[in-house]
Each structure stands twice: as C-alpha cells, then as structure tokens.
Amino acid sequence: MEINLEKEAGLVEAVLFLESEPLTPQAIASSTELSENVVSECLEILKEKYTQPNCGVELSLISGGYALTPKKEYWESLKEKYGNKNEGKLSRSALEVLSIIAYKQPITRAEIEALRGVSPDNMIRLLIEKQLVKEVGRRDTPGRPVEFGTTKEFLKFFRLNSISELPQLDKTEEERFTLAR
C-alpha cells in the first residue's frame with residue numbers, strides 16, 4: 001500500500017523555501033506538525049524532484065540540516081549578484097589562515113604562525129568576527145594555548161555538510177600544511 005505524500009512534501013518544501021537556515025528533520029517536523037518519519041519520506045520525494053535536469057535548485061544537506069540551494073552549475077553565474085555580500089570580503093591572508101585552521105584543526109595560534117611565517121592575530125580576529133572560526137579548547141601543554149577550529153557558519157559558507165567534505169590535499173599541498181619538527 002503506497003501512501004501519497006504530495007501535500008506533505010509540498011508543506012515541507014514551503015518550510016524549506018521560507019527558512020534561511022538549514023533545518024534538521026526534527027525542526028521540520030516541529031514546524032509542520034508532521035512525524036519525523038513522514039518528514040524523512042518527504043525529503044526523499046523532494047531530493048528526487050530536484051534531481052530533474054530542468055530544476056534550478058537542489059535539496060542540500062548543510063551542517064546537518066536541509067536547505068534549498070541553487071544548483072552548483074547555476075550558482076557560479078548567480079553568486080555575483082545573489083551571493084552573501086561578505087563572501088568576497090575575505091582577503092587572501094584571511095583565506096590562507098582559514099584554510100590552515102580548516103585542514104589542521106584543532107590548531108594553536110603559534111602553529112598557524114609557524115606555517116605562515118607571520119602573525120595570524122588579525123586574521124584570526126577577523127575570522128572569529130565573521131563566525132567562521134572559534135576557540136574550541138586549550139592545548140594541554142605549558143601555557144595552555146587556545147586551539148581554534150571551524151564553525152557551523154564555515155560549513156554553511158562553503159556549503160558543506162561536514163569538514164570531511166573539504167577537497168583532499170595533494171602531496172605538495174599536504175607538505176605545505178605540515179609543521180617542521
């Protein structure tokens with residue numbers, strides 16, 4: 001016996017359209033008053049719907065939640081006009097520090113400086129202000145230096161579900177990110 005969930009899928013789709021942040025199935029269930037099982041089935045229906053070649057959006061899993069986002073092939077030509085206004089405002093230095101933190105987290109300020117050869121203080125401050133990185137703990141070494149890692153905002157900014165989706169580094173890039181001992 002197959003259950004028709006078109007109306008419910010439409011409700012889930014409307015909630016995803018109206019929300020600006022990715023939503024977990026639990027949050028969608030709460031908003032729609034549908035069970036989590038029904039929401040999961042509706043998400044599957046929407047995934048299939050948005051895989052059609054004539055759709056300009058897709059259902060993306062970002063930081064553990066679902067969001068409607070432009071398909072990657074369309075986003076490249078649209079992000080100039082519709083992208084996050086702060087997206088283009090990261091300097092090359094800030095992106096360098098951000099990539100070091102993303103690939104080597106948790107990492108201390110001193111380790112970042114050793115990799116870059118210059119103080120990362122201003123870039124770390126900027127990245128914390130933009131909520132792309134945060135303090136994630138303290139190293140259990142003399143002085144107990146602060147360790148930094150990426151945030152959920154980082155995942156949303158780069159449209160990643162988890163840090164494991166970062167592109168793999170090739171051998172040369174990996175060597176650049178390795179501290180000399």
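I will try to describe carefully the structure that is included in this document. What you see is a predicted model; the values in this text were computed from it and never measured.

Let us now look at the overall build of the chain. Along the backbone of the chain there are nine helices and five strands. Starting at the N terminus and ending at the C terminus, the chain contains elements arranged as α-α-α-β-β-α-α-β-α-α-β-β-α-α. Scaling as 2.2 N^0.38, a compact globule of 181 residues should have a C-alpha radius of gyration of about 16 Å, whereas the chain reaches 20 Å, well beyond that. In terms of overall dimensions, the chain has C-alpha extents of about 65 × 35 × 30 Å along its principal axes. Looking at the chain residue by residue over its 181 residues, the buried ones come to 34%. Nonlocal contacts in the chain, meaning residues at least 24 apart in sequence, comprise 50% of its contacts between residues at least 6 apart. Accessible area of the chain: about 11,800 Å², with a carbon and sulfur share of 51%. Side-chain charges in the chain split into 25 positive and 30 negative, and the spacing between the mean points of these groups amounts to 7 Å.

Another aspect to go through is the layout of surface pockets. As a volume, the second largest pocket reaches approximately 310 Å³. Leu95, Ser99, Tyr103, Leu166 and Pro167 are, among the 14 residues lining the second largest pocket, the residues nearest its centre. Examining the composition of the lining of the second largest pocket, we find that six residues originate from one element, helix α5 (residues 92-104), more than from any other. Here the residues of the lining of the second largest pocket are counted per class, giving eleven nonpolar, one polar and two charged.

The subject of this paragraph is the sheet that holds strand β5 (residues 146-150). The sheet built from three strands is open, its strands ordered β3-β5-β4 with antiparallel pairing. If you trace the sheet from one side to the other, it starts and ends with β3 (107-108) and β4 (133-138), each paired once. The pairing of β3 with β5 spans two bridges and is classified as antiparallel. Looking at the pairing, Thr108 lines up with Glu147 of β5. Lying on the sheet, α5 is in contact with β3, β4 and β5; it crosses β5 at an angle near 95°.

About the cut-offs
- Residues numbered from 1 in each chain as written.
- Predicted model: local features only at pLDDT ≥ 70, side-chain atom pairs only at ≥ 80, totals over all residues.
- Heavy atoms only, no water.
- Helix = DSSP H or I, 4+ residues; strand = E, 2+ residues; numbered from the N terminus.
- Rg over C-alpha atoms; globule rule 2.2 N^0.38 Å.
- Buried < 20%, exposed > 50% of the residue type's maximum accessible area, 1.4 Å probe, protein only.
- Contact = heavy atoms within 4.5 Å.
- Areas by Shrake-Rupley, 256 points an atom, 1.4 Å probe, with all protein chains shown as cover.
- Lys, Arg positive; Asp, Glu negative; His and termini not counted.
- Charge placed at Lys NZ, Arg CZ, Asp CG, Glu CD.
- 1 Å grid on protein atoms, 1.4 Å probe; cavity = no way out; pocket = protein on both sides within 12 Å on 5 of 7 lines; lining within 4 Å.
- Points joined across faces, edges and corners; volume = space filled by probe spheres on them.
- Nonpolar A, V, L, I, M, F, W, Y, C, P; charged D, E, K, R; others polar.
- Pairing = 2+ DSSP bridges.
- Axes fitted to C-alpha atoms, helices over the stretch in contact; angles between N-to-C directions.

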